[in-house]
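Observations on chain architecture
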Amino acid sequence: MAAEINPLAGKTVDPSMLANIPRLVTAYFAGKPDPSVPAQRVAFGTSGHRGSALNNAFNEAHILAISQALCDVRRSAGIGGPLFVGIDTHALAEPAAASALEVFAANGIEVMIDAHDGYTPTPVISHAIITYNKGRKDGLADGVVITPSHNPPEDGGFKYNPPNGGPADTDITAVIERAANGFLEDGLRGIKRIPYDHARRSAGVHRYDFIGPYVTDLANVVDMEAIRSSGVKIGIDPLGGAGVRYWQPIIERYGLAATIVSDVVDPTFRFMTVDWDGKIRMDCSSPYAMARLIGMRDKFDVAFANDTDADRHGIVTRSNGLMNPNHYLAAAVAYLFEHRPQWRKESAVGKTIVSSAIIDRVAKKLGRKLVETPVGFKWFVDGLSDGSFGFAGEESAGASFLRRDGSVWTTDKDGIILGLLAAEMTARTKSDPSQLFHKLTSELGVPHYERIDAPATPAQKNLLKALSPEKLAMTELAGEPVRAALTAAPGNGQSFGGIKVSTDSGWFAARPSGTEDVYKIYAESFRSQAHLRQIQQDAQRAIAKAFAG
């Protein structure tokens with residue numbers, strides 16, 4: 001049961017669909033969340049707190065409470081360095097940044113904001129934190145990015161990156177969440193705050209050039225000279241996101257034959273094409289949201305886009321259009337480990353448990369260790385920090401990799417370098433990433449991979465989260481004997497909140513959604529599309545049986 005595609009998918013946004021930005025911003029300041037309503041409480045998921053002001057899930061009260069909780073966490077952890085703050089182009093980002101700054105300044109935090117009041121991608125914040133902290137033992141920096149990633153225009157988001165530069169782990173976010181909800185329950189008492197104009201002029205708030213250091217350092221992670229000298233023609237679509245002011249300095253500094261197809265910033269995102277479900281979503285892995293760039297593919301040797309905070313990548317090739325994220329991850333792994341001679345021989349490949357098994361086969365071919373983790377980029381932070389992961393990627397088009405010398409670049413996803421890597425691959429191999437992937441599959445097999453959603457009640461979702469291999473009791477999947485049934489990721493032994501069943505030529509994994517009354521089935525076959533369908537059907541039957549039991 002594939003997802004039902006909305007008839008507007010891939011078409012230009014109709015004006016009637018656009019967010020009412022004045023109403024949204026008014027709701028941010030006027031709305032009063034009720035902490036007794038679960039949906040209106042602070043809740044840190046895998047990428048921070050997200051929601052819309054229109055349903056009292058992302059209002060000023062939330063941001064004031066989260067910001068004070070963060071100040072308290074920094075104080076108790078002895079984090080005394082600067083706090084790098086970035087925002088994306090969603091309408092709620094600037095109001096939330098203003099609210100947060102009022103609290104940060106009142107608490108005496110040293111804050112770094114963009115020198116030109118511009119937008120700052122997630123990977124740039126990670127890069128700034130890591131660069132600042134290099135060689136330091138104390139006075140460490142950390143960061144905040146105010147973004148809901150690729151979510152619709154009505155949404156806002158707030159995520160925290162501690163001194164390791166990556167997404168905060170649950171041991172930190174649970175403390176922030178609990179303290180923030182305490183402030184909400186107590187009517188915001190105990191929150192320190194000064195007026196915005198005072199905060200902007202306070203001694204602790206500094207303007208910082210985020211663009212220059214990041215752009216200058218790019219040559220240490222991607223072979224920019226190979227891209228320049230090859231003359232490879234590149235198309236770039238920032239999708240109206242935080243990367244929009246980064247690409248021209250990159251093109252000019254490195255002399256790239258690149259075209260920015262649009263530099264428009266508009267909080268309604270009216271320039272987008274509608275995503276699969278009829279919503280506006282800046283998802284650079286979606287063929288519907290990426291219709292504009294896909295339509296230009298013949299103009300470029302390779303093209304790419306980023307989502308709104310530029311931590312994800314979407315790769316478009318002349319030979320095959322938009323690449324499946326798993327396919328690009330596999331091609332990138334194969335290329336990088338053969339063209340980075342300074343990387344340590346023991347540097348591993350990191351992937352999430354629901355990513356394609358073609359990556360496993362590539363790692364085996366390269367003689368590299370594969371580390372499979374639960375979903376969430378936080379599981380890759382330590383490995384990227386110490387160089388034990390050369391590359392780490394998620395099935396949802398987020399990845400990062402080491403500098404050319406084998407040291408850490410970012411510990412958060414970096415869609416900018418993944419786009420530039422596609423250009424480097426094309427420049428040095430004279431084949432685009434789709435062609436490189438095709439060569440891999442001729443040797444390693446063709447994967448047929450798909451994720452679908454199926455309905456599930458809250459009770460069923462809880463059952464699935466606790467489902468054991470014994471209760472599922474599957475001995476056969478799509479005509480093959482089951483080789484493994486897992487509820488913990490083999491790379492680190494951590495539960496991934498679901499179950500994965502594997503055979504010699506296919507697998508499925510099932511996990512409950514954290515936000516909707518559905519569960520997600522990831523499935524893959526190395527036989528055929530028909531075999532994939534059989535795996536999906538067997539998976540749904542087995543899960544339904546477990547629900548009934």
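To be clear, the structure that these remarks concern was listed above.
Notes on the structure follow. (Residues numbered from 1 in each chain as written. Predicted model: local features only at pLDDT ≥ 70, side-chain atom pairs only at ≥ 80, totals over all residues. Heavy atoms only, no water.)

So, the overall build of the protein chain
The criterion, for reference: Starting at the N terminus, helices and strands are each numbered in turn, a helix being any DSSP run of H or I of at least four residues and a strand any DSSP run of E of at least two. Radius of gyration here is computed from C-alpha atoms only, and the compact-globule reference equals 2.2 Å multiplied by the residue count raised to the power 0.38. Note on exposure labels: buried denotes an accessible area under 20% of the residue type's maximum, exposed denotes more than 50%, and partly exposed covers the range between, all computed with a 1.4 Å probe on protein chains only. By definition, residues are in contact when any of their heavy atoms lie within 4.5 Å. Computed with the Shrake-Rupley method and a 1.4 Å probe, the accessible areas treat only the protein chains shown as cover for residues.
Looking only at helices and strands, one finds 18 helices and 23 strands in the protein chain. In terms of overall dimensions, the protein chain is globule-like: its C-alpha atoms have a radius of gyration of 23 Å, near the 24 Å expected for 549 residues. Reported as C-alpha extents along the three principal axes, the dimensions of the protein chain are approximately 65 × 60 × 50 Å. Counting all 549 residues of the protein chain, 60% fall into the buried class. Long-range pairs, those at least 24 residues apart, make up 71% of the contacts in the protein chain between residues at least 6 apart in sequence. Looking at the protein chain as shown, the accessible area adds up to about 21,200 Å², and 50% of this sits on carbon and sulfur atoms.

Quick notes on the pairing of strand β10 (residues 302-306)
What counts here: A pair of strands counts as paired when DSSP detects no fewer than two bridges linking them.
Judged by how many residues are buried, β10 sits mostly within the fold: 5 of 5 residues are covered. Here β10 shows a buried face lined by Val 302, Phe 304 and Asn 306 and a second buried face lined by Ala 303 and Ala 305. When strand β8 (residues 234-237) meets β10, the two strands line up parallel, connected through 4 bridges. By the bridge assignment, Ile 234 is partnered in β10 with Val 302.

Notes on the packing of aromatic side chains
The cut-off we apply is this: Here is the rule: rings of Phe, Tyr and Trp (six-membered ring for Trp) pair when centre to centre is within 6.5 Å. Planes less than 30 degrees apart are stacked, more than 60 are edge-to-face, and the remainder are tilted. By definition here, charges over rings are those cases where NZ of Lys or CZ of Arg is within 6 Å of the ring centre and within 35 degrees of the ring normal.
Scanning all chains against the criterion turns up 15 aromatic pairs. A centroid spacing of 5.5 Å and a plane angle of 50 degrees characterise the contact between Tyr 214 and Trp 409, whose relative ring orientation is tilted. Separated by 195 residues along the polypeptide, Tyr 214 in helix α7 (residues 211-217) and Trp 409 in the loop between β16 (398-401) and α14 (415-429) bring together distant segments of the chain. Members of the aromatic cluster, joined through ring pairs, are Phe 84, Tyr 132, Tyr 208 and Phe 210. Between Arg 136 and the ring centre of Tyr 132, over which it is positioned, the NZ or CZ distance is 3.9 Å. Cation over ring: Lys 500 sits above Trp 507, and NZ or CZ is 4.4 Å from the ring centre.

Here we look at the sheet that holds strand β13 (residues 348-352)
In plain terms, the rule: Only the contacting stretch of a helix is used when fitting its axis, a line to C-alpha atoms as for every element, and angles between N-to-C directions run 0 to 180 degrees.
On the basis of which strands lie adjacent, the open sheet formed by 4 strands has the order β14-β13-β15-β16 and mixed pairing. Looking at which strands have only one partner, the edges of the open sheet turn out to be β14 (370-373) and β16. Put simply, the sheet's adjacent strands are angled 15 degrees from each other on average, direction ignored. In the sheet, β13 pairs with strand β15 (residues 389-394) via 4 bridges, with the strands oriented parallel. Pairing of Ala 348 across the sheet is with Phe 389, part of β15. The strands that helix α12 (residues 358-366) touches are β13 and β14; relative to β13, the one it contacts most, it runs at about 175 degrees.

Observations regarding helix α2 (residues 60-77)
Applicable threshold: Take the residue count of a helix, subtract one, and multiply by 1.5 Å to get its expected span.
Here α2 contains 18 residues, and its C-alpha end-to-end distance of 26 Å stays within 8% of the 26 Å for a straight helix at 1.5 Å per residue. Of all 18 residues that make up α2, 14 are buried, and the element is covered over most of its length. Positive backbone phi, approximately 70 degrees, marks Gly 78, located one or two places after α2.

Some words on the sheet that holds β10
Ordered in space as β9-β8-β10-β11-β12, the 5 strands form an open sheet in which the pairing is mixed. Strand pairing shows two members of the sheet lacking a second neighbour, β9 (258-260) and β12 (321-322), which therefore form its edges. Here strand β11 (residues 313-317) pairs with β12 via 2 bridges, running antiparallel. Pairing of Thr 317 across the sheet is with Gly 321, part of β12. With respect to the sheet, helix α9 (residues 247-254) is in contact with β8, β9 and β10, its orientation differing from that of β9 by roughly 165 degrees.

Concerning the pattern of salt bridges
Worth spelling out the cut-off: When a carboxyl oxygen of Asp or Glu lies within 4 Å of a side-chain nitrogen of Lys or Arg, that pair is called a salt bridge.
Taken as a whole and judged by the stated rule, the model has 36 salt bridges. One continuous salt-bridge network, built from bridges that share partners, spans Lys 159, Asp 309, Asp 311, Glu 394 and Lys 413.

As for the nonpolar core
Basically, it comes down to this: Buried residues of nine kinds, namely Ala, Val, Leu, Ile, Met, Phe, Trp, Tyr and Cys, make up a nonpolar core once their side-chain atoms join them within 4.5 Å.
Counting residues in each nonpolar core, the largest one holds 83 residues, and the members touching the most others are Ile 250, Phe 391 and Phe 401. The leading source of residues in this core is helix α11 (residues 325-339), at 10 residues. Once you skip the residues sitting within four places of it in the chain, Phe 401 turns out to touch Val 221, Val 222, Leu 336, Arg 340, Trp 343, Leu 384, Gly 390, Phe 391, Trp 409, Ile 417, Leu 418 and Leu 421. Counting 47 residues, the second largest nonpolar core, distinct from the first, contains Ala 65, Ile 87, Ala 180 and Ile 191.

Thoughts on helix α15 (residues 433-444)
Within an α-helix, residues lying three or four positions from one another point in the same direction, as the helix has 3.6 residues per turn. We apply this condition: A 3.5 Å cut-off defines polar contacts: any pair of N or O atoms within that distance qualifies, except that in protein one atom must be a possible hydrogen donor and the other a possible acceptor, and neighbouring residues in sequence count only when both atoms are side-chain atoms.
Helix length check: α15 (12 residues) gives 16 Å between terminal C-alpha atoms against 16 Å at 1.5 Å per residue, within 8%. Here the buried face of α15 lies against β10, β11, α11, α12 and α14. N-capping of α15 is provided by Asp 432, with a side-chain oxygen placed 2.9 Å from the backbone N of Ser 434.

Details of the packing of helix α16 (residues 458-465) against helix α18 (residues 529-548)
Applicable threshold: The labels follow the angle: roughly parallel below 35 degrees, roughly antiparallel above 145, roughly perpendicular from 65 to 115, and oblique for the rest. Three classes are used, and their members are as follows: Ala, Val, Leu, Ile, Met, Phe, Trp, Tyr, Cys and Pro are nonpolar, Asp, Glu, Lys and Arg are charged, and the others, Gly among them, are polar.
Axis separation between α16 and α18 bottoms out at 10 Å; the angle between their running directions is 110 degrees. Comparing the axis directions of α16 and α18 gives the class roughly perpendicular. From α16, Gln 460, Leu 463 and Leu 464 reach across to α18, where they touch Ile 543, Ala 546 and Phe 547. Class assignment of the residues belonging to the contact of α16 with α18 gives a composition of 5 nonpolar, 1 polar and no charged.

Things to note about the pairing of strand β23 (residues 518-525)
Counted residue by residue, β23 has 8 buried out of 8 residues, so it is predominantly covered. Burial of the side chains of β23 extends over both faces: Val 518, Lys 520, Tyr 522 and Glu 524 are buried on one face and Tyr 519, Ile 521, Ala 523 and Ser 525 on the other. Bridge count for strand β22 (residues 506-512) against β23 is 7 bridges, and the pairing is antiparallel. Residue pairing for β23: Gly 506 is matched across the bridge by Ser 525.

Examining the side chain of Glu 372
Secondary-structure assignment places Glu 372 in strand β14. With residues up to four places along the chain from it excluded, the contact list for Glu 372 reads Lys 351, Thr 352, Ile 353, Ala 489, Pro 490, Gly 491, Asn 492 and Lys 500.

Brief notes about unusual backbone geometry
Negative phi values dominate among residues other than glycine, just as trans dominates among peptide bonds. If you check the backbone angles, Leu 188 has positive phi at about 70 degrees while not being a glycine. Residue classification places Leu 188 among the partly exposed positions, given a relative accessible area of 27%. For Leu 239, which is not glycine, the phi torsion reads 55 degrees and is therefore positive. Within the fold, Leu 239 resides in the loop between β8 and α9. Accessibility expressed as a relative area gives 2% for Leu 239, which makes it buried.

With respect to the side chain of His 127
Tracing the backbone through its elements, the reader meets His 127 in helix α4 (residues 122-133). For His 127, a relative accessible area of 3% puts it in the buried group. The contact partners of His 127, leaving out residues within four places of it in the chain, are Pro 213, Tyr 214, Asp 217, Arg 403, Trp 409 and Thr 410.

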